[in-house]
Amino acid sequence: MNLKNLKPVHWLYNLMHYKSLRHNLAAYRKYNIRKPLIASISSKEFPDKESKAWLDLENSRIVAPLKPAFANFPDSIQSQILSWSEDGYLVLEKFFSEDTCARINEEIDVLMKKGKLKYNDTHKLMFANRKSAFIKSIAKDDQLKSILEFILDKEVVTFQTINFMKGSELRAHSDSVHMTTFPLGYMIAAWIALEDVTRENGPLFYYPGSHKMPYLLNKDFYKGESGLTLGKKNYKDYEALLEATIEASPFEQKEFYAKKGDVLIWHANLVHGGSPVLNENLTRKSMVIHYYAADVIKYHEITERPSLLEEE
Ligand SMILES: O=C(O)CCC(=O)C(=O)O
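All chains use their own residue numbering, which begins from 1 and follows the written sequence. Side-chain atom pairs in this predicted model are given and counted only at pLDDT of 80 or more, local residue features only at pLDDT of at least 70, and totals for whole chains, interfaces and linings cover all residues. Heavy atoms from the whole structure form the basis of all side-chain values; hydrogens and water molecules are not counted.

### Here's the deal with the pairing of strand S1 (residues 89–92)
On a regular strand, each side chain points to the face opposite its neighbour's, so the side chains alternate between the two faces of the sheet. We apply this condition: For the exposure calls, accessible area comes from a 1.4 Å probe over protein chains only, and a residue counts as buried if that area is under 20% of its type's maximum, exposed if over 50%, partly exposed in between. For helices the rule is a DSSP run of H or I covering at least 4 residues; for strands it is a run of E covering at least 2, with both sets numbered from the N terminus onward. Strands pair, by our definition, only if DSSP identifies at least two bridges between them.
On S1, burial covers both faces: Tyr89 and Val91 on one face and Leu90 and Leu92 on the other are all buried. Relative to strand S8 (residues 263–267), S1 runs antiparallel, the two sharing four bridges. Pairing of Val91 across the sheet is with Leu264, part of S8.

### Remarks on the site of the ligand
As a reminder, the rule being used: Only a single heavy atom is needed: when it lies within 4 Å of a molecule or strand, its residue is near that molecule or strand. A 3.5 Å cut-off defines polar contacts: any pair of N or O atoms within that distance qualifies, except that in protein one atom must be a possible hydrogen donor and the other a possible acceptor, and neighbouring residues in sequence count only when both atoms are side-chain atoms. Reported accessibility uses the Shrake-Rupley method at a 1.4 Å probe radius. Residues are deemed covered only where the shown protein chains occlude them. Ten residues, namely Ala, Val, Leu, Ile, Met, Phe, Trp, Tyr, Cys and Pro, are considered nonpolar, four, namely Asp, Glu, Lys and Arg, are considered charged, and the remaining ones, Gly among them, are considered polar.
Near the ligand there are 13 residues, and of these Ser168, His173, Trp191, His272 and Arg284 occur at the shortest range. The separation between an oxygen atom of the ligand and a polar side-chain atom of Ser168 is 2.6 Å. For the ligand, an oxygen atom lies 2.9 Å from a polar atom in the side chain of Trp191. Contact with the protein chains hides 97% of the accessible area of the ligand, taken as 290 Å² for the molecule alone. When residues of the shell around the ligand are traced back to their parent elements, those giving at least two are strand S9 (272–274) and strand S10 (286–293). Looking at the shell around the ligand residue by residue, the classes come out as six nonpolar, five polar and two charged.

### A closer look at a nonpolar patch on the surface
Going by this rule: For patches, a residue must show more than 30% relative accessible area and have no salt bridge; joins then use 9 Å for like charges and 5 Å for nonpolar side chains, namely Val, Leu, Ile, Met, Phe, Trp and Tyr. Should a side-chain nitrogen of Lys or Arg be within 4 Å of a carboxyl oxygen of Asp or Glu, the pair is scored as a salt bridge.
Residues Leu12, Tyr13, Leu15, Met16 and Tyr18 make up a contiguous nonpolar surface patch of roughly 560 Å² in combined accessible area. In this fold, Met16 is placed in helix H1 (residues 7–16). Judged by relative accessible area, which is 62%, Met16 ranks as exposed.

### Considerations on the sheet that holds strand S4 (residues 180–182)
Taken together, the three strands give an open sheet; going across it, the order is S4-S11-S12, and neighbouring strands pair in antiparallel fashion. In this open sheet, the two edge strands, each paired with only one partner strand, are S4 and strand S12 (305–306). With two bridges connecting them, strand S11 (residues 297–300) and S12 associate as antiparallel partners. Its bridge partner being in S12, Tyr299 is matched across the sheet by Pro306.

### A look at helix H5 (residues 75–82)
Inclusion rule: Here, residues are in contact when the closest pair of their heavy atoms is within 4.5 Å.
Those residues of H5 lying buried are Ile77, Gln78, Gln80 and Ile81. Contact partners of the buried residues in H5: helix H4 (60–63), helix H6 (84–87), S1 and helix H9 (142–152).

### Topic: the nonpolar core
Operational definition: The term nonpolar core refers to a set of buried residues drawn from Ala, Val, Leu, Ile, Met, Phe, Trp, Tyr and Cys, joined through side-chain atoms within 4.5 Å.
By size, the foremost hydrophobic cluster in this structure holds 45 residues, and its most contacted members are Leu92, Leu144, Ile188, Val263, Ile265 and Tyr291. Per-element tally for this core: the top contributor is H9, with six residues. Contact partners of Val263, with chain neighbours within four places excluded, come to Leu90, Val91, Leu92, Phe95, Phe96, Leu144, Ala190, Trp191, Ile192 and Phe256. Counting 28 residues, the second largest nonpolar core, distinct from the first, contains Tyr89, Met179, Leu204 and Leu309.

Structure (structure tokens):
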């Protein structure tokens, strides 16, 4: 029996990290969730399965310019905010300087050398923002946050950073199955190229417009669970279902041949992943930052765990 499948093991772990669950308290009250903060939580508690984010409910071309803050953005950002409702992503060219990227890469190298940052069971280097004040400050960059907060029309908080040294080769997915909110639509990610990306070193891929597809949630690939166990939900089943859904959809895959310092911001439900690495000798240094809106319920649909969020 896999211990990670036992909900009481999660409850105990959550209890030990109670402080990091308090971010959910106000939203549990607001949405009338009558459960302890340590309990398992998933979309089955919630009545609706659709985003409530303003630019999903209304067309950004019409409503975005009506907000005074829109005028503060340069033309290149304004035009992409206008197409956010259609596209579900935007690109900020050369947003971070060469020096900033070099400094992030250096911090990662030092953390790895000191053994403070290690690969998890995949290619991911998780939570460097908790180990480096500089990387934490990048995640809190005022200009970046002003764009994210405009798009969500809510204050955002950093949930995590993930650094990759090589192309991730992750299969297509939407982050909303990993980092989920109630109401839906209130996660947003910023992906930063820390070196140039080409066809060869495993570019990020994404499907413009795919954020408009229905959110795939546990009920869609559910294999049975009990009050005490997660059941046989298999992430591979999710990936297969999502791939079949996106292949049958009109959305077309794009690859992001980013230049160092470019940023791609994606919607909570935009389908994306990592293309194959064609040249294994090449690195593809990048960092993705996942943010939540501050005042929503934040959790992980697949594992039914409330998110642990460190106070900023
Ligand atoms: O960087 C990549 O190749 C993919 C990253 C990704 O899919 C994610 O962070 O959700």
